Every structure is written in C-alpha cells, then in structure tokens.
Amino acid sequence: MGDTTTTATTDDNNLGSWGHEFIRSLAGEIGQEYNARVLAGADPDDDAAFADLLGMVDVIVPFNVEHNAEAEAIDLLIEVQRLKNVLKLDSIDEKNYKRVCLYLIKTADFMSDPDDYAVSNTLYLLQIASCK
Amino acid sequence: MLTLFITQEVLEAAYELFHKQSQYFDALRVALRMGNEEAIPDLMSQCSDPLMKKQMCFLLARHRINFEVEGDDDEEELNEIIGNEKLSEEFLKVAQDLDVTEAKTPEDIYKSHLAETGGFSRRREAGGAVVDSARANLASTYVNAFVNAGFGQDKLMTPDNEWLYKNKDHGMMAASASLGLIQLWNVEEGLAQIDKFLYSSEEYVKAGAALAVGILSSGVRNDADPTLALLDEHINGDSHIMKCAACTGLGIAYAGSAREDVMELLLPLVEQDNSGPNTMLEVSLAGLALGMIYVGKCDDAVGGTIVQRLMEASDEELDHSHAIFLCLGLGLLFLGRMEKAEAMLEALRTIEHKISKTAVIVLETCAYAGSGNVLQVQEMLHQCSEHIEEDAQHQMAAVVGISLITMGEEVGSEMALRSFEHLLHYCELPVKRAVPLALGVLNISNPDFSVIDQLSRLSHDPDTEISQNAILAMGLTSAGTNNSRVAGLLRQLSEFYSKEAGHVFCVRIAQAMLHMGKGLMTLSPFHSDKMLTCGPALGGVLTLIYSCFDLKSTLLDKSHYLIYYLTCAMNPRMLITVNEDLSWRPVTVRVGQAVETVGQAGKPKTITGFQTHTTPVLISSGERAELGTEEVLSVSSVLEGIVIVKDNPDYEAPETDEKK
C-alpha cells in the first residue's frame, strides 16, 4: 500500500471527492494489509500495531454508512476484527438500522469458528507445501 | 478470507443495535437466535409498549419457551399468550373462516375410488395374499388423527367407541391416543373426552389415554397441569406399557419446557437397571423424553445420567433396537449448542460397543444442527465413504446429520443435495437407505419439485427399506400442504405396493402427514422469517427420522406411537391480524414468494408474484406476507402467526372512497 494514500485519507475527511470506487478498493487493501500483519505475528487485540489502518477504518466506515453502503462498512469492520465499533457509530439511526441488522444476521450464518479456521488454514498451508 | 469471527459476536452486535433503537421485538428474535434466553426477562421489563410485549409473548409461544412474566400489569394475559392457551380457539376460528371444519374420514384421504383398479384389487386379494387388517386399521387410526388434528371432531373416535374396539393391543393404544391429537391444544374439552378411557379396564386403552393427555397439552400451559398430575402415578407404576406411554406423553407435553419436576420424575427411569426384557425400551423412551423436555438446554443432570447409563449398559441392552433413542435424547439436549457437547463426545467415545460410533455422530450432528459448518459436513461424508454392509447405523446417522447441519441455509442445503446424489451412486446400502430420510429433513413441509421427483424415484427402489423411507420422506416434505402432486404419487404407490403391508402402512402415514390438519399446519421447525429454529419441533421430526433407521422394529412393530412425537412439530401456518385487545381485525395483506433483500439499499420489495388476501391467510414455506394497506401498522416486523396491528396515525383515507 502506498504511503501517499495513507496520509491523504487520514488527514482529510473529504473522502467523497476521491470517489466511491477508490474507497472500495482502499477498504479491500486495508483488509489485506491487516491480515498480512496478523499472519506476521501482530496481536489482533492490540490497537497500537494497526493504528494507521484503524485510523482509516474510522473514517471509511461512517462514510459508507452515511452513503447507503452499510454492507461494505460491516464487511470492513469484520475484516479488521473490530465489529464492536459498529455500536459506537452515530450515523446508524432509525432509518438504516434495519438494513445494518439484517446484514449482520444474514452474515452470521457464514461466520467461522476460530478453531475451524486454524484447521483449514493449516490444511491450506500444507496443500501449498505439497504442491511445491 | 474470513477472519476470526464467530457467529455469536456478529449477532451480539445486531442485538445491541436493535436494543439501542428500542426494537425489543427484533432484539428478542436475535436473542432467541443466539440461544440467549437469559435476555428475555430484561427485554420484557425494559419494553414499555404493552402491545409490543404481547407480540413478544406470541413469539415466545411459537418458539415454545417456558417463560413466566412476573411483576407486570398484564401479567395474566401475557402468561396466557406464552402458554398458548388460546391457540386452539384461534385455530378453530381460522378453520371456520376457511370453511374446513367438516371432519374427514380416512377414505376421503385414500380416495381409493380414483385408483385404476379401484374396488377390484381388494376383492382379488382376499383370496390370495393375506390382508393385514389390523395394520390397515392402525393406519386408518393415524390418518384420522393427523387429518383431523386440532379440529376437535372426527368420524371414527369421537362419535362412539366402536372404532376403538376394532383394534387390538397396541392398535387400541394408538386409537385412544389419537383422541389427544384430535383435541390438540384444547386441554379442557379434550380432558373431558379422554377421561373415561383413563380408567378403562383394558391396559392398552388406559395407556393410550395417558399418551393422549400428553399429546393434548403439547406446548400448552395449564394452571392445573393435568399431564403431570395424571401421568405421575403411571411413571412409578408396575405396568410396562403404561410406563412407555407416560414417558412419551410427558416428552410430548413438556417438550422444550425444561421443567425440573418432570425431570426428577423421569431420571430414575433412565437409571433403572433390573435387567428385564422391557427395561431398555423404558430407559430409551425416558431418555428421549428428557432430551425433548430439555432440548438445547445442555442440562448437566440429564446429560450426566444418560451418558452414565450408556456407559454402564450391558451389550444386550445396547443391542436393543431402541437404544438409539437414548442417544438421540442426549443429542437433543445439545441441539444447536456446538462445542458445548465436546465433553460428552469424549465420554461417548469410551464406550466399547458399536453404538459408540452412532452415539458420537448423533450428538455431533445435533450439536451442529443448522450451523452450516463445512468441516462437520466433510467429517460426516468421510464416515459414509467406508464400505461396510453391517453395523452401519452410524453411517445412516451421518447422512441424516449432513442435512441437519446444513438445514436452514440455502447454499449449504443445495450443496448437500449434490452430495446425496453422489452417495446414492457410490455408497453401500445402509448409506443409500438414509438418503431419502436426509432429503426429507432438508425439506420439511416444503414440497420442492425436484426433491419430490427424486423421492418418487427412490420410492420404487427394489430395496424395501429405501422405498419405505422414501415414501415416508415424501410425507414429511409435503406435510400439511395438501400438495396434489404428492397426493397423486402416494395414491399410485398405494396401488403399486398393494400386496406389501409394510409399504401400504408407510404410504398411509405419508398421506396422513400430507393432509395433516387439513392443510392448515406445518411441521417446519423454522419460523419468524426462517430465522429461528424451534427446538421441540426439530426434535419431534428427528424422532420420526431415527425410528425410520429400523422401521421393522419401530413403526412397523409395536412402537408406532413414536409417530405422535410429530405433535411437537405441528404448528398452524396461519396469519391472523388482531386488534390491541386481541379480537380479530381482518386487513388486506399481500402474500408472495419471499425475496432476499439483504445488502440492498433503499426499501426493496420483500416479496414477488404476490396475491392480495384478507386475513386470515395461510402462509406456505418460502412465502412471506406484507400489509396491503396503510390504514394499520403491525407491531411485529414479521407477519407470521398472530400479529397485532394498530391504527396508523398518519393514515388519511383517500377522498374518492365513496364508503367513507
């Protein structure tokens, strides 16, 4: 991820001018970067290791919620394991809570159990190893 | 890549959001989905809107939660709603409105005059094959009971006692128990009718009556608590058949209630070990009843007792055809509770008997029921891959388990359907025999075209058990729908198998399910927009499924009364709109195919291809309703069952309307 984008977004709140497509791609990159750091050994519960990423998340999520992209906002929060933050959002009101909750309830079906995840991840690594 | 999140946390967030918006009804739905029953009292006390409270109680009633409201102004009324005390009244009113109160006879269902060979076949048979009239009568008893369930009147049992004495032994028991199903939910009137049989000199009639009392009050709370009062003495009595009936009756009546007094009554029955020939049957039935009563509650006392009984049982006891119901009881105890069953699983693995494998799989699949856990599904498929022809009961449990795990979630169920196709091609007989059952579990009360097609093919399989299971599964998938296609198929099957008593019995039971409650009921455990799974309902269906593993020694033998466990799954599929005082208020509603609206912006339409009706209406599986008028607002966010509506304060009557 380029350094320029990092500074640009955290400093300003003029996300709209960057275009929604950019926000979407940025959100994807944040997720990837977050996962890369966790795999590299960072503690997911420690905010300090992800301060730069979470700063951007705090800007993008409210922006998404305000612009009818609740699903994307939740996806990003799930990606960075900070779903609890959804409760702190002021932009969730009586107009959009139904959509947010519906999305949460439906995604719940597809959540995985941490143990299972560990198992399937090891399997995946094993398969990659055997391919080489 | 999915990150380390678990279902609970996501639901927790949704719960908090609803809570913050004071949407207590929706918060309650999420809480029930999480299995978090501790939240109920908080939500009830925080909610200040009396109408919403009532609506929440209707939800609790449908979910069969035994919750007592305390310290509320409307305490009595709310408890009445949770206790389903008015369910019978409302159901009968709907029946009247739809003009289906007229009682139906089994012949109305069989329609043998439509069969090509009509009256001829029977005359020819009389000389040749032996006509199993006892079993035919038994079948008619069940058909009569299921078709007229809840209507309070029929043409065989209520007019006089003649039909009862046309049956023998266990047939008599089924017949007198059928009174309970006919009077379903109507405790007071039902008791008056059953009372005379409770003191009959005939043991089987008395047992049936005891069972009837249990069936009658399935999911209904009554201050007098007649079931416990009347069955108490029989549990501790000497008569084997009375004990079996009382266990089953208690299991049906108190399913999901987690009543401690009932548990204390049943526990000694599980613990008993005077090795009489009938002991294991009693132990298993008591274990099953406990599982039903404590479904999904993970109770230590119940779990510990059942596991210990399994571990200490002798080999002969575990060889008993009904031992699997003891395993099922344990499974139900942990229904949907996932890793909470871990400790029990370890204990079960130590049993040195082939039942150990079955017990482990039953418990595992019950615990992960509805979770859609892919790794569990793979594990079950792995079990099926072993080619064995004997002692393969665990494989059957695994096949049904795949359905159990994936049920309720569309993508998963579709994938499961595909793997069943493979199982049919590549696996040994025991696995194949369970496939129709698994298809049934996946589509309860949902006669999907392709599934019925598949089952219809399997119902002509040369293997007796595959075809019998397929026939019963057809009944299960079409339960309470009056689906004419299935009706036609079953009629053909009754002719095709006219010389096989076992098959004919299965066809009759399937027909009984198809026309259950004259098409006003469903067996589906899913409700509230398919978000919640009702534990007792799923347990009832599973009891039927597991008895199909060995039809010869269950339904086709003496313990056919296990079919009555389906009562726990029976629910009216009606939508009624009521005023604030719970009197009927017919309004226009649109009913159509439900559309998934998740992730869509704005206010997307939730149904498609709708028709406009005036309530009350029946809602089929996969359908959804929305209000067709702006005159009223509904208190509930989901239009199912009994829904309270109130006047819309912003409504302005159109000026052109001449009536106003």
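All values reported here derive from a predicted model rather than from experimental measurement.

K.L.:
Pulling in residues and values, what's your account of the overall build of chain B?
P.N.:
Helix and strand counts for chain B stand at 30 helices and 11 strands. Here the C-alpha radius of gyration of chain B, 24 Å, is about what a compact globule of 660 residues would show, namely 26 Å. When contacts within chain B are restricted to residue pairs at least 6 apart in sequence, long-range pairs at least 24 apart make up 71% of them.

K.L.:
Any chance you could break down helix 4 (residues 70–79) of chain A for me, citing the residues and the numbers?
P.N.:
All names here are of chain A. The element helix 4 is extensively covered by neighbouring structure, given that 9 of its 10 residues are classed as buried. Burial in helix 4 covers these residues: Glu-70, Ala-71, Glu-72, Ala-73, Ile-74, Leu-76, Leu-77, Ile-78 and Glu-79. Each element contacted by the buried residues of helix 4 is listed here: helix 2 (20–39), helix 3 (51–66) and helix 5 (97–108). Positive phi shows up at Gln-81, right after helix 4, with a value of about 55°.

K.L.:
Describe the confidence of the model for chain B, listing the residues and the values that go with them.
P.N.:
Residues and elements named next belong to chain B. Averaged over all residues, the pLDDT of chain B is 90; the fraction at 70 or higher stands at 95%. Considering only residues more than four positions removed or in separate chains, one finds that residues 1–5, a stretch of pLDDT under 50, has 14 contacts. Contacts for the low-pLDDT stretch residues 119–130, under 50 throughout, to residues beyond four places or in other chains number 5 contacts. Quick note on the complex model: pTM equals 0.91, ipTM equals 0.84.

K.L.:
Break down the domain arrangement of chain B for me, with residues and values.
P.N.:
All names here are of chain B. We note that the domain assignment places domain 1 (1–83) and domain 2 (575–660) within chain B. Relative to domain 2, the C-alpha centre of domain 1 lies at a distance of 22 Å. Across the contact, 8 residues belong to domain 1 and 8 residues belong to domain 2. Of all the secondary-structure elements, those providing two or more residues to the side of domain 1 that touches domain 2 are helix 2 (24–34) and helix 4 (50–62).

K.L.:
With reference to specific residues and values, describe the sheet that holds strand 6 (residues 588–594) of chain B.
P.N.:
All names here are of chain B. Strand order across the open sheet formed by 3 strands is 7-6-9, with antiparallel pairing between neighbours. Bordering the open sheet on either side are strand 7 (607–614) and strand 9 (623–627), each of which pairs with just one other strand. Going across the sheet, the axis of each strand differs from the next one's by a mean of 30°, ignoring polarity. Across 5 bridges, the pairing between strand 6 and strand 9 is antiparallel. Looking at the pairing, Val-591 lines up with Ala-625 of strand 9.

K.L.:
Describe the interface of chain A and chain B, naming the residues involved and giving the relevant values.
P.N.:
Facing the 29 residues of chain A at the interface are 26 residues of chain B. With 10 residues, the single largest contributor to the side of chain A that touches chain B is helix 5 of chain A. A class-by-class count of the residues in the side of chain A that touches chain B yields 18 nonpolar, 5 polar and 6 charged.

K.L.:
Could you give an account of the packing of helix 19 (residues 323–333) of chain B against helix 30 (residues 535–547) of chain B, with specific residues and numbers?
P.N.:
Residue and element names in this part refer to chain B. Where helix 19 meets helix 30, the axes come as close as 11 Å, and the angle between the chain directions of the two elements is 155°. One finds that helix 19 runs roughly antiparallel with respect to helix 30. Of the two elements, helix 19 crosses helix 30, and the hand of that crossing is right-handed. On helix 30, the residues that touch Ile-324, Phe-325, Leu-328 and Leu-332 of helix 19 are Gly-539, Leu-542, Thr-543 and Tyr-546. Considering only residue class, the contact of helix 19 with helix 30 consists of 6 nonpolar, 2 polar and no charged.

K.L.:
So what's going on with the packing of helix 10 (residues 169–182) of chain B against helix 12 (residues 203–216) of chain B? Residues and values would help.
P.N.:
Residue and element names in this part refer to chain B. Packing of helix 10 against helix 12 brings their axes to within 7 Å, and their N-to-C directions diverge by 30°. As the angle between them shows, helix 10 and helix 12 are arranged roughly parallel. Between helix 10 and helix 12 lies a crossing of right-handed hand. Residues Asp-169, His-170, Met-172, Met-173, Ala-174, Ala-175, Ser-176, Ala-177, Leu-179, Gly-180 and Leu-181 of helix 10 pack against Tyr-204, Val-205, Ala-207, Gly-208, Ala-209, Leu-211, Ala-212, Val-213, Gly-214, Ile-215 and Leu-216 of helix 12. For the contact of helix 10 with helix 12, the residue count by class is 16 nonpolar, 5 polar and 1 charged.

K.L.:
Account for the nonpolar core, with residues named and values stated.
P.N.:
Residues and elements named next belong to chain B. With 259 residues, the main nonpolar core has Ala-14, Leu-363, Val-399, Ala-438, Val-541 and Tyr-564 as its most contacted residues. Counting only domains with at least three residues in this core, you end up with domain 1 (1–83) and domain 2 (575–660). If near-sequence neighbours (up to four positions away) are discounted, Val-399 is found in contact with Cys-384, Leu-423, Val-431, Ala-434, Val-435 and Ala-438.

K.L.:
Describe in detail the pairing of strand 6 of chain B, supporting the description with residues and values.
P.N.:
One ladder, built from 6 bridges, connects strand 6 of chain B with strand 7 of chain B; its direction is antiparallel. From the neighbouring strand, Thr588(B) faces strand 7 of chain B, where its bridge partner is Thr614(B).

K.L.:
Account for the sheet that holds strand 5 (residues 574–578) of chain B, naming residues and giving values.
P.N.:
To summarise the sheet geometry, strands pair through backbone hydrogen bonds and adopt either a parallel or an antiparallel arrangement. Residue and element names in this part refer to chain B. Pairing within the open sheet is mixed, and its 4 strands lie in the order 8-5-11-10. Sheet topology places strand 8 (617–618) and strand 10 (632–634) at the edges, where each strand pairs with a single neighbour. The sheet contact formed by strand 5 and strand 11 (residues 641–647) spans 4 bridges and is parallel. Each residue of the ladder has a partner; that of Leu-575, found in strand 11, is Gly-641.

K.L.:
Give a description of unusual backbone geometry that names residues and reports values.
P.N.:
All names here are of chain B. Note the cis peptide between Thr-615 and Pro-616, where omega equals 0°. You can see Pro-616 is positioned in the loop between strand 7 and strand 8. Residue Lys-518 is not a glycine yet carries a positive backbone phi of 50°. Overall, Lys-518 belongs to the buried group, with 23 C-beta atoms counted inside 10 Å. A positive phi angle, near 55°, is found at Ser-528, a position not held by glycine. Mapping Ser-528 onto the fold places it in the loop between strand 2 (526–527) and strand 3 (532–533).

K.L.:
Would you mind going over the environment of Ser456(B) in detail, with residue names and values included?
P.N.:
Residues and elements named next belong to chain B. Residue placement: Ser-456 occurs in helix 26 (residues 449–458). By C-beta crowding, Ser-456 is classed as partly exposed, having 18 other C-beta atoms within 10 Å. Along the sequence, Ser-456 and Pro-616 sit 160 residues apart, while their C-alpha atoms lie 33 Å from each other.

K.L.:
Break down the pairing of strand 5 of chain B for me, with residues and values.
P.N.:
Walk down a regular strand and you will see the side chains alternate between the two sheet faces. Residues and elements named next belong to chain B. Of all 5 residues in strand 5, 5 are buried, a share of seventy percent or more. What you see with strand 5 is no split at all: Met-574, Ile-576 and Val-578 on one side and Leu-575 and Thr-577 on the other are buried throughout. For strand 5 and strand 8, the ladder comprises 2 bridges, and the chain directions are antiparallel. Paired with Leu-575 across the strands is Val-617, a residue of strand 8.

About the thresholds
Every chain is numbered on its own, with residues counted from 1 as its sequence reads. Working convention: letters from A go to chains and numbers from 1 go to ligands, in the order in which they are written. Reporting of local features is limited, given that this is a predicted model, to residues whose pLDDT is at least 70; pairs of side-chain atoms are given and counted only at 80 or more, and all residues count toward the totals for whole chains, interfaces and linings. Strands are runs of DSSP state E lasting at least 2 residues, helices are runs of H or I lasting at least 4, and numbering of each runs from the N terminus. Here the globule rule is a power law, 2.2 Å times the number of residues to the power 0.38, and the radius of gyration is based on C-alpha atoms. We call two residues in contact whenever the C-beta atoms placed from their backbones are within 7 Å. In this scheme every C-beta is placed from the backbone, and a residue whose C-beta has 20 or more other C-beta atoms within 10 Å is buried, one with 12 or fewer is exposed, and one in between is partly exposed. Each residue carries a pLDDT score, the predictor's confidence in it, ranging from 0 to 100. Where a domain begins and ends is set by an automatic assignment or by a domain database. The pairing criterion is simple: DSSP has to find at least two bridges between the two strands. Fitting a line to C-alpha atoms yields each axis, with helices limited to the stretch in contact; the angle taken between N-to-C directions then spans 0 to 180 degrees. Polar here means any residue other than Ala, Val, Leu, Ile, Met, Phe, Trp, Tyr, Cys and Pro, which are nonpolar, and Asp, Glu, Lys and Arg, which are charged; Gly is therefore polar. Any angle that is under 35 degrees is reported as roughly parallel, and any over 145 degrees as roughly antiparallel; angles of 65 to 115 degrees are reported as roughly perpendicular and all others as oblique. Helix crossings get a hand from a simple test, with the near helix turned counterclockwise from the far one by less than a right angle marking a left-handed crossing and a clockwise turn marking a right-handed one. We call a set of buried Ala, Val, Leu, Ile, Met, Phe, Trp, Tyr and Cys residues a nonpolar core when their C-beta atoms link them within 7 Å.

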